[in-house]
Amino acid sequence: MLFKLELIINKILLDLIPKTEKNVKKGNKIFGGIILDKKNYSTVVTGVNNELINPLFHGEISTINNFFKIKKKINPKDCIFISSHEPCSLCLSAITWSGFDNFIYLYPYEDTNLKFQIPHDLKILDQVFKVKKGQYNNNNYYWKSYSIIKEISKLSKKKQNFLNNKITIINEKYKELSELYQKNKKNNKIPLN
């Protein structure tokens, strides 16, 4: 699948991060998602982590809930599902059951674990499903998953440099959000914080 990566990155930077920041200030995790129309890349919905309301309301789950609340029904197969972080097992299942045939993410599990100190995705995949190092089948009957960083690496050096400069800005924003979450997580009631 060919992606308009600059547009996706701009949507993360200008739309998703500001909404994520509001929820992180409340005590939620840093995860979120955006659903775009495949044809024109217009935003259908966004969603952010709302685990303080319900521990199942991960960023992707909130995004999916928002998607199914919209009045104009859109086929999930006509959409691009963007996730700030590689979806956990709950969210992988939700994306599957919801009928999306793709998703693209910014941060892989390793970053969620090492950069953001949230190890649960890798631990659950390992302990419950015996999936080592998060190596699920990313091209399967239901959907294909893509890494924004790997997709950028397929572009010309000039385009890579341009997009990686934007990724650097996003990395700084998520670093700040992660530090805020880590500082305040002991005060929230999220079971797996």
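Scroll up a little and you will see the structure.
Everything numeric in this text was worked out from a predicted model, so none of it was measured.

### With respect to the environment of Ser-178
Along the polypeptide, Ser-178 turns up in helix α7 (residues 157–184). By relative accessible area, Ser-178 is classed as buried at 4%. Placed 147 residues apart in sequence, Ser-178 and Phe-31 show a C-alpha to C-alpha distance of 9.9 Å. Those residues in contact with Ser-178 that sit more than four places away from it in its chain are Ile-30, Lys-115, Phe-116 and Gln-117.

### Comments concerning the packing of aromatic side chains
Note on aromatic pairs: each is described by the distance of the centres and the angle between the planes. Under the defined criterion, the tally for this structure stands at twelve aromatic pairs. Ring centres of Phe-103 and Tyr-105 lie 6.4 Å apart, and the angle between their planes is 40°; on these two criteria the pair is classed as tilted. Residue classification places Phe-103 among the buried residues on the basis of a relative accessible area of 0%. By relative accessible area, which is 8% here, Tyr-105 ends up buried.

### Some words on the nonpolar core
Counting residues in each nonpolar core, the largest one holds 31 residues, and the members touching the most others are Ile-8, Ile-12, Ile-104, Ile-148, Ile-170 and Tyr-174. Looking at this core, the elements that each hand over two or more residues are α1 (5–26), β1 (32–37), β3 (79–85), β4 (102–107), α6 (148–152) and α7. At eight residues, the largest contribution of residues to this core is made by α1. The residues touching Ile-170, leaving out its near neighbours within four places in the chain, are Ile-9, Ile-12, Leu-13, Ile-17, Leu-106 and Tyr-107. Counting residues in hydrophobic clusters, the runner-up holds 23 residues, among them Cys-79, Leu-122, Leu-125 and Val-131.

What counts, and at which threshold
- Residues numbered from 1 in each chain as written.
- Predicted model: local features only at pLDDT ≥ 70, side-chain atom pairs only at ≥ 80, totals over all residues.
- Heavy atoms only, no water.
- Helix = DSSP H or I, 4+ residues; strand = E, 2+ residues; numbered from the N terminus.
- Buried < 20%, exposed > 50% of the residue type's maximum accessible area, 1.4 Å probe, protein only.
- Contact = heavy atoms within 4.5 Å.
- Phe/Tyr/Trp six-rings, centres within 6.5 Å; stacked < 30°, edge-to-face > 60°.
- Core = buried A, V, L, I, M, F, W, Y, C linked by side-chain atoms within 4.5 Å.

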